[in-house]
Structures are given as structure tokens and as C-alpha cells.
Amino acid sequence: MYSQDAISGHRRGRPEPTSEMLAGLACLICGMDYRDAADREAVVVSHRGDGQQLACRGTCARLASGSATGLEETPLPMTERLRGHRPDRP
């Protein structure tokens, strides 16, 4: 397992989320693009504005939310996440 110091250090060193991450199209931690890896299981780890923030199940979810399984919430379908994606949003 990761120590609390390691998790905190990773969070501090993380760059600002991209527009794809904000739209739930990419993992908040590793940047995995879910449009290219449909078989990769994403879990909801937080919310920002009206959108869900997603991370890969396991280590990424643990680093993002403290739980390897994320929140008990189903991610929105990919078509709905794509509809809400605005590349010009910071």
C-alpha cells in the first residue's frame, strides 16, 4: 500500500487537470484516455462543477479519492461525457 505521505506528495505534484479529465474522458491520475481504452474500468472519484471526475479502478482511484473503488456511483455513459466535453475549457 501507499503511505499517506506518498499519496499527499503525489497530489501536490500533479498538474492541473486537462479538459479531457474534467469531462470524464481521461483518468485524473495517469491520463489514460477512455475513448481509446473502452475496456478500462473507470470509477467516479469526485465531482467538479456538474461533471464527474473519473480514475482507473485500483491505484489511480486510491490516489484520487482514497478508495480503490471510488465513490458508489456509476459513471455517465461515454456518449454523454463526449457531449459535455468542451476542449476550450481550462
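Residues numbered from 1 in each chain as written. Predicted model: local features only at pLDDT ≥ 70, side-chain atom pairs only at ≥ 80, totals over all residues. Heavy atoms only, no water.

1. Description of the environment of L63
Secondary-structure assignment places L63 in helix 3 (residues 59–65). Of the residues examined, L63 reaches a relative accessible area of 9% and is grouped as buried. It is 7.4 Å that separates the C-alpha atoms of L63 and I29, two residues lying 34 residues apart in sequence. (Helix = DSSP H or I, 4+ residues; strand = E, 2+ residues; numbered from the N terminus. Buried < 20%, exposed > 50% of the residue type's maximum accessible area, 1.4 Å probe, protein only.)

2. Considerations on the nonpolar core
In terms of nonpolar packing, the biggest core is built from 16 residues, with C27, Y34, V45, A55 and C60 touching the most fellow members. Those elements that provide at least two residues to this core are strand 1 (42–48), strand 2 (51–56) and helix 3. Sorting elements by how many residues they give to this core places strand 1 first, with 4 residues. Beyond its immediate chain neighbours, meaning those up to four positions away, V45 contacts L28, Q53, L54, A55, A61, A64, S65, G70 and L71. (Core = buried A, V, L, I, M, F, W, Y, C linked by side-chain atoms within 4.5 Å. Contact = heavy atoms within 4.5 Å.)

3. Focus on the pattern of salt bridges
Pairs can form between side chains of opposite charge once their charged atoms are near each other. Across all of its chains, the model carries 2 salt bridges by this definition. Taking the shortest distance from any N to any O, the salt bridge between R35 and D33 comes out at 2.8 Å. Residue R57 pairs with E41 through a salt bridge whose shortest N-O separation is 2.9 Å. You can see R57 sitting in the loop between strand 2 and helix 3 and its partner E41 sitting in the loop between helix 2 (19–22) and strand 1, a full 16 residues away along the chain. Judged by its relative accessible area of 39%, R57 falls in the partly exposed class. Taking relative accessible area as the criterion, E41 reaches 44% and is therefore assigned partly exposed. (Salt bridge = Lys/Arg side-chain N within 4 Å of Asp/Glu carboxyl O.)

4. Regarding the side chain of R81
With respect to the helices and strands, R81 occurs in helix 4 (residues 78–84). The buried charged residue R81 lacks any salt bridge, with D33 as its nearest oppositely charged partner at 8.2 Å. Contacts of R81, omitting those with residues within four sequence positions, involve A23, G24, L25, Y34, L54 and L76. (Lys, Arg positive; Asp, Glu negative; His and termini not counted.)

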